[in-house]
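Listed here are the chains, written in short residue letters.
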Amino acid sequence: MNETRSKEYDAFGPWILVIDEENTLPPLFAGYERLLDRAIMMFKVPRKIERRKANPHMHLYDAVVGLFDTHLVLLSRHGNSVHERRVEYRDIQAIKNYQCLLLGELYLYTDTNIVKIRYNTVSEKIIARVVREIHKQQNNPIRDLKIAPLPYSVDTIDYLYLNLLRILEKDDSSIELVAYQPNAQLENKTGGFSKISHFFSGAPCLQCTAFVSNSKELIIISRSNVLKARRELDYAYAYTYIPISNIEHAGLAVSNADPTLYQLTLRTGDHKFETLFKQNNSGVRALYSALK
């Protein structure tokens, strides 16, 4: 029985593991030990398989990521071989951390494409550490938006957003809420019975969006479906981190989705990030003016 077990197999699960003396490089990636020798931080991403279907003789990890002073190295498993990719921090224009129940996805928006790392959200603290480390090494310049921060409490913003903001504040005491779009029911311009039917049919509503800044990055906290049916459940949310110095253009226009909505578009060199809002918001237009 002991001959069929291994230390790596015993530690295997849906979680990301930081590579250290206890949790070593997976055998498939062992040939890259010298390449990763000076990494500030390394972690390995497990295969998406159930524990009961795993065994000590298979490749248990799909990727290894190493963070360095100026770049990261992503090693991806392709069958029995490894694909190596280097991403310079200066080429990362934005980062998005998406979570929906147990599914997590980290997106790195680079000058050439989008790098995605899928993970189980039981490892969210490790991913948050990765984001902090990238920002630390990027050393993005301070850009004072000259916007007064918004006070907030459980009485003024959605409870989920209150918790997410408090999590950000634990890691960075300079975090401030600078704009906020609350939940809003979309209007029906027709009258009488049509308005009543519009309400009871579960007509779409605009979900919350929070804009947060630490004077280096603009962080947009949003739901997966900005527009959703009133009775639809949405468990997903995302942090989108955009260095303020990377925002090359800010645009504002009436939305094609609904004439009562406006669309804020922020563009970095190769990517654009769009957010819907209504008139009943706190500070979105002021934020647009500051970024324009």
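Residues numbered from 1 in each chain as written. Predicted model: local features only at pLDDT ≥ 70, side-chain atom pairs only at ≥ 80, totals over all residues. Heavy atoms only, no water.

**Looking at the packing of aromatic side chains**
- According to the stated counting rule, one finds 7 aromatic pairs in the structure shown.
- Three or more aromatic residues joined by ring pairs make a cluster, and in this case those are Tyr-107, Tyr-109 and Phe-273.
- Note that Lys-44 overlies the ring of Tyr-61, its terminal NZ or CZ placed 4.7 Å from the centroid.
- For Lys-96, the ring lying beneath its charged end belongs to Tyr-107, and the centroid distance is 5.1 Å. (Phe/Tyr/Trp six-rings, centres within 6.5 Å; stacked < 30°, edge-to-face > 60°. Lys NZ or Arg CZ within 6 Å of the ring centre and 35° of its normal.)

**What to know about the sheet that holds strand β8 (residues 114–120)**
- Overall, antiparallel pairing links the 7 strands, which are arranged β8-β7-β6-β15-β13-β12-β9 in an open sheet. The sheet is open, and its two edges are formed by β8 and β9 (176–181), each paired on a single side. Mean inter-strand twist for the sheet, computed between neighbouring axes without regard to direction, equals 15°.
- Here strand β12 (residues 209–213) runs beside strand β13 (residues 217–223); their pairing, made up of 5 bridges, is antiparallel. (Pairing = 2+ DSSP bridges. Helix = DSSP H or I, 4+ residues; strand = E, 2+ residues; numbered from the N terminus. Axes fitted to C-alpha atoms, helices over the stretch in contact; angles between N-to-C directions.)

**As for the nonpolar core**
- Membership of the largest hydrophobic core comes to 40 residues, with the highest contact counts inside it found for Leu-72, Leu-106 and Ile-221.
- When near neighbours in sequence (up to four residues on either side) are disregarded, Ile-221 contacts Tyr-161, Leu-164, Leu-165, Leu-168, Cys-208, Thr-209, Ala-210, Val-212, Ala-238 and Tyr-239.
- Formed by 26 residues, the second largest nonpolar core is a distinct cluster that contains Tyr-109, Ala-250, Phe-273 and Phe-277. (Core = buried A, V, L, I, M, F, W, Y, C linked by side-chain atoms within 4.5 Å. Buried < 20%, exposed > 50% of the residue type's maximum accessible area, 1.4 Å probe, protein only. Contact = heavy atoms within 4.5 Å.)

**Some remarks on the pattern of salt bridges**
- Summed over all chains, the structure comprises 10 salt bridges.
- Between Arg-77 and Asp-62 there is a salt bridge; the shortest N-O distance is 2.9 Å. Pair noted here: Arg-77 is in strand β4 (residues 71–78) and Asp-62 is in strand β3 (residues 61–67), with a separation of 15 residues, a long-range link.
- Of the charged contacts in the structure, one is a salt bridge between Arg-90 and Glu-88, with a shortest N-O distance of 3.8 Å.
- A relative accessible area of 14% places Glu-88 in the buried class. (Salt bridge = Lys/Arg side-chain N within 4 Å of Asp/Glu carboxyl O.)

**Quick word on the confidence of the model for the protein chain**
- Mean pLDDT over the protein chain works out to 91, with 92% of the residues at or above the 70 mark.
- Below a pLDDT of 50 lies the segment residues 190–201, which in the model reaches 11 contacts outside its immediate sequence neighbourhood of four places, other chains included. (pLDDT = per-residue confidence, 0-100.)

**So, the environment of Ala-257**
- Tracing the backbone through its elements, the reader meets Ala-257 in the loop between β16 (249–254) and β17 (262–267).
- Judged by relative accessible area, which is 55%, Ala-257 ranks as exposed.
- Spatially, the C-alpha atoms of Ala-257 and Thr-112 are 29 Å apart, while their sequence positions differ by 145 residues.

**Let's talk about the sheet that holds β17**
- What the 3 strands build is an open sheet, ordered β16-β17-β18; its pairing is antiparallel. A single partner strand is all that each edge strand has here, and the edge strands are β16 and β18 (272–277). When strand polarity is set aside, the average angle formed by the axes of neighbouring strands in this sheet is 20°.
- Packing of helix α5 (residues 284–291) onto the sheet brings it into contact with β16, β17 and β18, and relative to β16 it is tilted by some 140°.

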